Amino acid sequence: MNRSHVLSLKSRLIAGVGVASALLLTSGAIAAPQLVLVNAKVFTADPALPYAQAVAIEDGRILAVGRNEQVRALTGPNTRIIDAGGRLVTPGLTEAHVHLGDALPTPPLAMPALAFPGPTAEETLAAVEQAAKTRTDWISAYIGPLIARDRRNWRKALDAVAPNAPVLLRAPWGHNSFTNSEGLRRLGIAEDIADPLGGWWGRDESGQLDGRAYEAETIMPRIRPATEERLATLFGEAQQRYARWGVTSIHLMNNDKSLEVTLAGLAIAKPLQRWTVYSWGTYETHKVPEAWAAIDRVAKQTVPKVRVEGPKWMMDGTPIEQNSLQRVDYVDRPGWRGRSNFTNEQLREILQLALTRSTQLALHVVGDAETDRVLKMMEQLAPAATWRAKRVRIEHGDGIGRDVFERVAQLGVVVTQNPTHLAIPPIAGKKMLDHEVVLKGFVSAGIPLALGSDGGIKEQNPFLNLMLAVLVPSDPSEALTREQALTAYTSGGAYAEGQEKRRGRLAPGFAADLAVLSQDVLTVPSQQLSATSSVLTMVDGEVIFEDALWTSRP
Ligand SMILES: [Zn+2]
């Protein structure tokens, strides 16, 4: 583009601004946009101009946002013009919490009623017994809370039905696995094994291993460590699916695998979206500082579109297996309030190191008593302003009650909430969460909120989560408005990783990460929300998904 064209564009833009119209545009030298989207309902997540009709994109960034005629006036001879046909255009969604990783080492046994409440002990043992008649390889199965809460000695119970084949039972929500004596033998696990950092081996009254592995000890990577090839396939499939849902940023909680293998897998998969990998604090870590050493080790292993943050630490368990640390006894288990995965000394070391290091700390904190412990230690170690600059994440704000809202807001903690947790059905009439789940309360209290699915081994539909966030079936008074939910999924996700000045809004200078949606999620009936998809998804102005039916229209 020559200088005179730039000048003429500038004068047109200035003329547009002069009429005090709602056109937001970048300052400095202006080129004609490469692409404009017109005739859209643009939800910007930008308080300066919440809604618009058109967006102009140049060099991977948003050049201007405004009314159709204003944005059309910016176009040059080479500008691609896309008529959105009145569809909703939104900043690309951020999946702010997903795991992605290996499934069980062998195809799982068929089990009824997964995941909630899952099979009974009798059903599980019968299925394992049947399989053990013909197999000597790993017999694997997913289980639900009925097994996870069953206090029997599972090593002995499994030994009785499978004396010669190794068995792995795994909770699909993580946090606990079970094996038998043959499993322990094949893995070389002896009675004198030490507990890992942030986890422990279950033991019976006599101190013998009872076949349970908790928290940081998950057995899985011992059976089959992740490989970059398998991860590349998995990440590749996940990012394709996410592109079809309009997701442009993915926060990967990197459990059960090293940063090295994940980055290698992403390099092979060639990221479509922006990936932020939250390093797993306890993966092959024996002492707290080693978690940061793992981040240092990959400093030169850069992959385009991939950032590394963390470490992420799991401070306690979940109410499902009753290991999240609660202020009061679990309803059906007098005297038991769960437990922390780290001592006070370890928690102090984690927080102190986080204060001295540049990467962002993320903490899985679920129980209300564990929340108390973390907040108190943070307040002891540094002034609130220091913590606000660190922008600590609490993953799953399930234990953050109203009585601590003010402290959480003061410390600048970002909460990543997972609406799928709201869909966990009660078991035997008892709620799985022993406390209230909050969504709207966070927004009202000024606590930054991001949303993610907490998907396990696979990607998960963000619009199902959006639907749950605007319904909150267990407590509709905590439901978010459509705008609040979409804001949490867009600018909220960018804020949660400290990227809110670069993306998450459709505003001049921001990255052109956006989606044109199949239906207007701000107005369609709630029950239809989960059927939403994207017809056009862009990252940095590059199309990463385009619905052939939509774009081939005349
Ligand atoms: Zn999670």
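Right above here is the structure, for reference.
A quick note: this is a predicted structure, and the numbers were derived from the prediction, not measured.

Overall, the coordinates contain 32 salt bridges when judged by the stated rule. The residue Arg 135 makes a salt bridge to Asp 137 at a minimum N-O spacing of 2.9 Å. For Arg 135, a relative accessible area of 21% translates into the label partly exposed. With relative accessibility at 34%, the residue Asp 137 sits in the partly exposed group. With its nearest N and O atoms 3.9 Å apart, the salt bridge here joins Asp 210 to Arg 212. Residues Asp 210 and Arg 212 agree in their burial class; the two are buried. Each member of the salt-bridge network shares a partner with another, and the members are Arg 307, Glu 309, Glu 497 and Arg 503.

A word on the environment of Ala 213. By secondary structure assignment, the location of Ala 213 is in strand β14 (residues 209-215). For Ala 213, a relative accessible area of 0% gives the class buried. Separated by 170 residues in the primary sequence, Ala 213 and Phe 43 place their C-alpha atoms 46 Å from one another. Excluding residues that lie within four positions of it along the chain, Ala 213 makes contacts with His 175, Asn 176, Ser 177, Trp 200, Trp 201 and Ile 219.

Whether parallel or antiparallel, the strands of a sheet pair through hydrogen bonds between backbone atoms. A sheet is described by the order of its strands in space; here 8 strands give the open sequence β9-β15-β16-β17-β18-β19-β20-β21, paired in parallel fashion. Since the sheet does not close on itself, it has two edges, and those belong to β9 (93-98) and β21 (449-451), each with one partner. Recorded for the sheet is a direction-independent mean angle of 25° between the axes of neighbouring strands. In this structure, strand β20 (residues 414-417) lies alongside β21, joined through 3 bridges in parallel fashion. Directly across from Thr 416, in β21, lies its bridge partner Ala 450. Strand contacts of helix α10 (residues 290-297): β16 (274-280) and β17 (306-314), with the helix running at about 170° to β17, the strand carrying the most contacts.

So, how was this worked out
- Residues numbered from 1 in each chain as written.
- Predicted model: local features only at pLDDT ≥ 70, side-chain atom pairs only at ≥ 80, totals over all residues.
- Heavy atoms only, no water.
- Salt bridge = Lys/Arg side-chain N within 4 Å of Asp/Glu carboxyl O.
- Buried < 20%, exposed > 50% of the residue type's maximum accessible area, 1.4 Å probe, protein only.
- Helix = DSSP H or I, 4+ residues; strand = E, 2+ residues; numbered from the N terminus.
- Contact = heavy atoms within 4.5 Å.
- Pairing = 2+ DSSP bridges.
- Axes fitted to C-alpha atoms, helices over the stretch in contact; angles between N-to-C directions.

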